[in-house]
Every structure is written in C-alpha cells, then in structure tokens.
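Here is what each chain is made of, one letter per residue.
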Amino acid sequence: MRYLMVVCVACAAFCADAFVGEVQGQEASSVLGTLRQEHPRLMVTDEQLGKLKAAYATDEALQRCVADTIRRADGYMGRPPVVYKLTGPRLLSVSRECMNRVYALGLAYRWTGKAAYADKAIENILAACAFKDWNPSHYLDTAEMSHAVGVGYDWLHQYMDAETRDKIRIGLIKHGMEPGLKSYGDKPHWFVKSEHNWNQVCNGGMIVGALAIAETDPKYAEAIVPSAVRSLPLALKSYAPDGAWGEGPGYWSYATHYTAYGLTALETALGKDFGLSQVEGLSKAGYAPIHLTGPTGLQLNYADVGERSRLRPMPCMFWLARMFDNAAYAHAEHSLIRQYGASPQHLVWYVPAPAAAPSRELDRYFRGDVELAVFRSAWDDPAALFVGVKAGYNQVNHGHLDLGNFELDALGERWARDIGSDDYNLPGYWSGGRGGKRWSYYRLGSESHNVCMLGGAQQDPYARSKFINVKTNTDSPFVLVDLTEAYKDHSKQSIRGVAMVEGRRAVLVQDEFQIDKICDVVWGMTTDAEIAIGDSRKATLKIGEKKLVATLLAPADAGFSVRSAEQEPPQRKNAGVRRLIVEMPKQSGEVRIAVLLSPVWQDGEVKDVKVEPLSKW
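Residues numbered from 1 in each chain as written. Predicted model: local features only at pLDDT ≥ 70, side-chain atom pairs only at ≥ 80, totals over all residues. Heavy atoms only, no water.

Undergrad: Looking at this model, I keep getting lost on the overall build of the chain. Mind explaining?
TA: Helix and strand content of the chain: 14 helices and 15 strands. Relative to the compact-globule value of 25 Å for 617 residues, the chain shows a C-alpha radius of gyration of 26 Å, a close match. Taking all 617 residues of the chain together, 61% fall into the buried category. Sequence-distant contacts, at least 24 apart, represent 70% of the contacts inside the chain between residues at least 6 apart. Split by element, the accessible area of the chain, about 23000 Å² in all, is 49% carbon and sulfur. (Helix = DSSP H or I, 4+ residues; strand = E, 2+ residues; numbered from the N terminus. Rg over C-alpha atoms; globule rule 2.2 N^0.38 Å. Buried < 20%, exposed > 50% of the residue type's maximum accessible area, 1.4 Å probe, protein only. Contact = heavy atoms within 4.5 Å. Areas by Shrake-Rupley, 256 points an atom, 1.4 Å probe, with all protein chains shown as cover.)

See below:
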C-alpha cells in the first residue's frame, strides 16, 4: 500500500506548524499535564456512558444500537480466543477480529454489568498479548492490535486484578509501544511521513495504546503523542478542500475511522485534539459517502475498492456529525442503521437522529488531488438516474489508470461500472511506476475502465487531469475533464464531457481529441448487462427486464461491438462482465466520439440529442 508515496517536506513542515503549536516547544512530560488519571478514559468515559443510559428509555435508535451491540457480544461468547495467523504478509484479519470483539464485549459489559462479557474480552486480549509479535513488518497490524488491546485495557481496568493488568500492559508495551518508539525515532518508519491511510491508522493506533497506559508508563505517550500529532496533518490535509479521499470509498472509511479513533482518544484522555479536527476539509468529509453513493446503494467505485462496493453503516459518520454539529451526517447514518443494523462503535460516537431530513442538492463537486463530480435526477428514488465522474492524478495511492472514468445508475441498476481492485498479493501489485507490473493487471489498467485508449496504450501513469468546467444544479448539469496528459503520446489535446441531458433523463458522454500521431482509438464501457447490437450504432443493454439504450451519435462511420472482460487466473475472473466498445482505426486530426446512454423509462427513452463541440457546452 505504500507504492508511489509522495512526500512534500515543505508542506509537511507547514502543516505541522499550523496544527501542533500546543505540542511544539513544550517539554514532553507536559503533554500529559491534562491526562485524565482514572480509567476508563478512552473513547467513552463513564460520564458519557451515563448520559447514553439516561437517554436510552426514550430513544428508539439508541435502543437499536445497544441491542445490536449486545447481540454481537453474545455471538463472540462461544468462540475460542483469537489466534496468531498471517494472511500473506499480514495479521490484519486477526487484529481487526480482536478489535471487533473488544469493542462489542467491552461495551456489553459496561452497559449490562455482566461479568461474562468482561471475562471473554480479557480472554481474547490475553491471547493477543501472548502472540510472538504483532507483525511489525506490516505496521498496520501492530497499530490495530495496539488499538484493540489499549481500549480493552482501559475499559476493563477496574474489573481486572493486578496480575491480569500487568500481563496485558507488558504485552502492549512489548508488541506495540516499543515498536512504536522505534517508528518515531531517528530513522522513522515511512508511515510517519505518508499522506494516505497508513498515517491515520498507525498514528491512531499508537495514540490509543500509549494513552491507555500513560499513568504507569508515561514515556510512551510523552514520545508518541507529540510525534503522532505532528505526523497526522500530512494525511488529514488530503481531505481538503471538500472532504473526498483519493484512495477510494473503502479507504475513505478506513482512514476516517482511524482519524476518529485517534482524535477521540486525545479528547477523552487529554481534553484536546491539538487543533487536528480543524484541518481544512475534515468538516466536509461526511458529504463524500452521502453524495458519492448512487441510488442503487453502490458507491462511486474508484481506486482499489471492493467489487460492487455498497454503502454500509460507518460509525465515523456519527463522530463527524457530533464533532461538526452536522445533522446531514447523522440523518444519513441513522438511515443506514435502520436498514443494516448498528455496530458497537455507533455507541461510542452516538448522536440522536435529527427531527427532519436535511435538504440535499442533486449535484456535488469535490475538489482535491482526485476530483469527483456527481449528478442525479432525484434523491430517495431507487430508480433515479445517477452519474459520477473522476479526474485527478494517476499516481494517487491505490489509484488506477482511470482518469475520466464514469459510472452510471438508473432503474435501480448500475449500468456503467468499475470492477474494483484485484488481489493485493499478486506479484508486482504495488509496482506502479512507468512500465510497472501493477498496470499489467486488467482491473488496474485503462482497458477495464470506462475511458478511451489511444494507440492501444494505457493512460500515462504519471498523468494529471482536472475539471475545467463544472455546471451543477441545472436541468443539464455537466463536467468537462482535461485529459491531455493522459494521452499526450498521441493527442495534443484531449477533453471528455459528461452531461445529464433532456431534463436529467439520459447521459451524454463525449470525447474530443486532437490527434497528432495516427493511431487507433477505442472507446469502452464496462457493464454487467447483456448487450444486443442492432444497426451497429445502437446497442440495447438489458439487466433482467430493465433496459438502457446506447446510441453512437458520432462519428458517423463507426459502430458498437462487444468484448468479454473475463480474465484468467491468478487475476480475478470478472465472470459475466462485458465491454461495450467503439473501435476507430487509424485516426488523425480532430476526432469526436459521442455516446448517448438512455434508460428506457416507462414513457420510453431519449432517442437523440444535438451534438455540439465541447467548447460550446
């Protein structure tokens, strides 16, 4: 996950100065000057838990969260404790399982007072502390286990006898805090200077572990907390300016949850987060999952993200709602909880449901290293039309060669899709430079995405693109993407336009190239639909009984064809996935491709629209 990490030292220094003034220039011991001495002090204090219990009788949503948490805890009661097991180079599945158990069992004990829950949590924590290590070679594992054990130690501190506390404290120090000190030492681990999810996860896990034992072993918190607070702005600035996340929706969730863990631990243990919550863009972050999810419930699937990534409850939305007093975030999360259920972390950051649904704009533009624009015909209509478009930088962590990619929902189905990541353990998966092995894998290169290819070549791995015009909240919203760098070996100017047309009833995708090196041009779209081609300029896509018609409006001398997107092992197969293709051999000069994508609504589809140069949009 560390491939292509870009570190700007000057920017790092600026961010650190901006957000950690309270730490810099102080003696290390003064960091703990405001430490809450008693346990529990992490995430949920007894005072906070008392307030939740007081509200429980009249808050049905809170009752649901408590019931779901206890149900999860009950499910763990009959299971043996966690065991050391590497999956590839990682221990992550074990550390996350331990964390899930500690949160569920720990909160079930604290809510009910039943000793059996505490005993089961401690059994798992002791098992983890008896491991030979927490796999520091893959430091996410160490950080996540430090988080799990630190929270368990803190929450169950008063329940445990002195011998048990010592065993857990010693294990946390040996496997978590000592490696943590080294990671911030003279030769810091690379996560310290990273700008992506590793930064938040590793720093957040170390903060939680260090603060858990700060009264007995203060040297760890005195070193780790200031170092983590200096490091975090490097990644947090990636939310700027509008709250989206370049690594895709899955990593938005991962990074934002660990941002919430780390900052909440600072707040509950020390009474302050050193200004980290005020970094630009973080207050807007909750709008990303809300707006980047289509009416199908599928998210805009860019970068390394799971196939058909569906929005599920994310407790960090409650943290964002509470931190920034944003009812829209709370409303969105409560809607998901009603549909899918709650997790224990929803209790950690619980906020009541707002009295009324906040208003939402149909379109949203997210600026940043990865730019995103999304348009929809309606909210709260599962059959609504939705299209999302991506621009930005091909070298962003976890990125694919997919500048200009679009995805489209209508009639309750996703018609134009991104098939997601492949197996992280494939050879060379993280070799993402020019000519890197990463781009040889079908799912990561340009050929699988809803983009054009010129001369049979992938997009330039170092290309940047940007939106040069975005028009929102009109009958015909659109975005223009400058893709010139992506195709610079064949075209001196390359622009894509994506628009909703005819009163948001259809989508027009239009590409314009000024080709200065004769080459083949291929337009492609990935879909799960069955495809039937009539007169070659019209294709009917079908999912069940639902239909979408693709019409090739330009050029006049080309037509549609169909390819399979299926691959051979060790790559993922992509069973049943197809590509709708327009092939144009030996092109030169000005080339325009315009494809109208029209769902077949109850009153029919949009059959034609006027094609105008993108300069006139």
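Undergrad: Explain the pattern of salt bridges to me, please; I cannot follow it from the model alone.
TA: Note that side chains of opposite charge can pair when their charged atoms are close. Enumeration according to the criterion identifies 36 salt bridges in this entry. We note a salt bridge from E215 to R41, for which the minimum N-O separation is 2.2 Å. In this pair, E215 sits in the loop between α8 (197-212) and α9 (218-236) while R41 sits in the loop between α1 (9-19) and α2 (46-55), placing the two residues 174 residues apart along the sequence. A relative accessible area of 0% places R41 in the buried class. Measuring nitrogen to oxygen at the nearest pair gives 2.7 Å for the salt bridge that ties R360 to D380. Here the residue R360 occupies a position in the loop between α14 (344-348) and β1 (364-366), and D380 occupies one in the loop between β2 (372-376) and β3 (386-390), the gap between them amounting to 20 residues. (Salt bridge = Lys/Arg side-chain N within 4 Å of Asp/Glu carboxyl O.)

Undergrad: Honestly, the sheet that holds β2 in this entry has me stumped. Any pointers?
TA: Working definition: the strands of a sheet are paired by backbone hydrogen bonds and lie parallel or antiparallel to each other. Here 5 strands make up an open sheet; going across it, the order is β1-β2-β3-β4-β5 and the pairing antiparallel. What marks the edges here is a single partner per strand, and that holds for β1 and β5 (413-416). Taken pair by pair, the neighbouring strands of this sheet meet at an average axis angle of 15°, ignoring direction. In the sheet, strand β4 (residues 406-410) pairs with β5 via 3 bridges, with the strands oriented antiparallel. (Pairing = 2+ DSSP bridges. Axes fitted to C-alpha atoms, helices over the stretch in contact; angles between N-to-C directions.)

Undergrad: Quick question: what am I supposed to make of the state of the cysteines here?
TA: One covalent bond between the sulfur atoms of two cysteine residues makes up a disulfide. Applying the stated criterion across every chain yields a total of 0 disulfides. Among the cysteines around C98, which has no disulfide bond, C129 carries the closest sulfur, lying 8.1 Å off. By relative accessible area, which is 12% here, C129 ends up buried. (Disulfide = S-S within 2.5 Å.)

Undergrad: Explanation requested: the packing of helix α12 (residues 316-324) against helix α13 (residues 327-340) in the structure shown.
TA: In a packed pair of helices, the relevant descriptors are the angle between the two axes and the axis-to-axis distance. Close contact between α12 and α13 brings their axes to 8 Å; oriented N to C, the two are set at 155°. Classified by the angle their axes make, α12 and α13 are roughly antiparallel. In terms of crossing hand, the pair formed by α12 and α13 is left-handed. In this structure, α12 uses M317, F318, L320 and A321 to contact α13, whose residues at the interface are Y329, A330, A332, E333, H334 and I337. (Parallel < 35°, antiparallel > 145°, perpendicular 65-115°, else oblique. Left-handed = near helix turned anticlockwise from the far one by under 90°.)

Undergrad: What is the right way to look at the packing of aromatic side chains in this model?
TA: Remark: the centre distance and the inter-plane angle together describe each pair of aromatic rings, the angle taken between the planes. As enumerated under the stated definition, the model contains 23 aromatic pairs in all. Both rings, one in Y287 and one in Y329, keep their centres 5.0 Å apart while their planes meet at 75°; by these two values the pair is edge-to-face. Here Y287 is found in helix α11 (residues 287-291), whereas its partner Y329 is found in helix α13, with 42 residues between them in sequence. Both rings, one in W319 and one in F324, keep their centres 6.3 Å apart while their planes meet at 80°; by these two values the pair is edge-to-face. Residue class for W319 comes out buried when judged on its relative accessible area of 1%. Counting every residue linked through ring pairs, the aromatic cluster contains Y103, W155, Y251, Y254, Y258, Y261 and W349. Across the ring face of Y287, the terminal group of R364 is positioned such that the distance to the ring centre comes to 4.2 Å. Sitting above the plane of the W379 ring, R376 keeps its charged end 3.8 Å from the centroid. (Phe/Tyr/Trp six-rings, centres within 6.5 Å; stacked < 30°, edge-to-face > 60°. Lys NZ or Arg CZ within 6 Å of the ring centre and 35° of its normal.)

Undergrad: Before we go on, may I ask you to explain the pairing of strand β7 (residues 466-471) in this structure?
TA: One face of the sheet, then the other: side chains in a regular strand alternate in exactly this way. Sheet topology places β7 next to strand β8 (residues 478-482); 5 bridges connect them, and they run antiparallel. Looking at the pairing, V470 lines up with V479 of β8. Counted between consecutive antiparallel strands, the loop separating β7 from β8 contains 6 residues, among which N473 sits at a positive phi close to 55°.

Undergrad: Just to check I follow, could you spell out the packing of helix α6 (residues 139-155) against α8 for this structure?
TA: Where α6 meets α8, the axes come as close as 7 Å, and the angle between the chain directions of the two elements is 35°. For the element pair α6 and α8, the recorded crossing hand is left-handed. Here Y139, L140, T142, A143, E144, S146, H147, G150, V151 and Y153 of α6 come into contact with α8, specifically with W198, V201, C202, G205, M206, V208, G209 and A212. When the residues that make up the contact of α6 with α8 are grouped by side-chain class, the tally is 11 nonpolar, 6 polar and 1 charged. (Nonpolar A, V, L, I, M, F, W, Y, C, P; charged D, E, K, R; others polar.)

Undergrad: Looking at this structure, how should I read the pairing of strand β11 (residues 530-533)?
TA: One ladder, built from 4 bridges, connects β11 with strand β12 (residues 538-543); its direction is antiparallel. Looking at β12, one finds that A532 is bridged to T540.

Undergrad: So what exactly am I meant to see when it comes to α8 here?
TA: The α-helix advances 3.6 residues per turn, and as a result positions three or four apart in sequence lie on the same side. Over its 16 residues, α8 extends 23 Å from the first C-alpha to the last, a length consistent with the 22 Å expected when each residue adds 1.5 Å. Burial within α8 is extensive, with 16 of its 16 residues counted as buried. (Expected span 1.5 Å × (residues − 1).)

Undergrad: Would you mind going over α13 with me for this structure?
TA: Helix length check: α13 (14 residues) gives 20 Å between terminal C-alpha atoms against 20 Å at 1.5 Å per residue, within 8%. When α13 is considered as a whole, its buried residues turn out to be A328, Y329, A330, H331, A332, E333, H334, L336 and I337. Residues of α13 that are buried in the fold lie against α3 (60-77), α11, α12 and α14. Of the residues that open α13, the one with a side-chain oxygen 2.9 Å from the backbone nitrogen of A328 is N326. The positive-phi residue at the C-terminal boundary of α13 is G341, with phi of around 95°. (Polar contact = N/O pair within 3.5 Å; in protein donor to acceptor, adjacent residues only side chain to side chain.)

Undergrad: When you look at the side chain of D304 in this model, what are you seeing that I'm missing?
TA: On the secondary structure map, D304 appears in the loop between α11 and α12. For D304, the side chain forms a polar contact with the side chain of Y429, separated by 2.8 Å. With residues up to four places along the chain from it excluded, the contact list for D304 reads E247, Y251, H398, H400, S421, Y424, Y429, W430, R438 and L444.

Undergrad: Hey, could you run me through the environment of W134 in this one?
TA: Tracing the backbone through its elements, the reader meets W134 in the loop between α5 (115-129) and α6. In contact with W134, not counting residues within four places along its chain, are L91, A128, C129, D141, T142, M145, S146, V149, G171, L172, H175 and G176. A polar atom in the side chain of W134 sits 2.9 Å from the backbone oxygen of A128.

Undergrad: Just to check I follow, could you spell out unusual backbone geometry for this structure?
TA: The bulk of non-glycine residues show a negative phi, and the bulk of peptide bonds are trans. Cis geometry is found at the peptide bond from A554 to P555, where omega equals 0°. Position of P555 relative to the elements: it lies in the loop between β13 (546-554) and β14 (560-564). The step from P569 to P570 runs through a cis peptide bond, and the omega angle for that step is 10°. Checked against the element boundaries, P570 lands in the loop between β14 and β15 (578-599).

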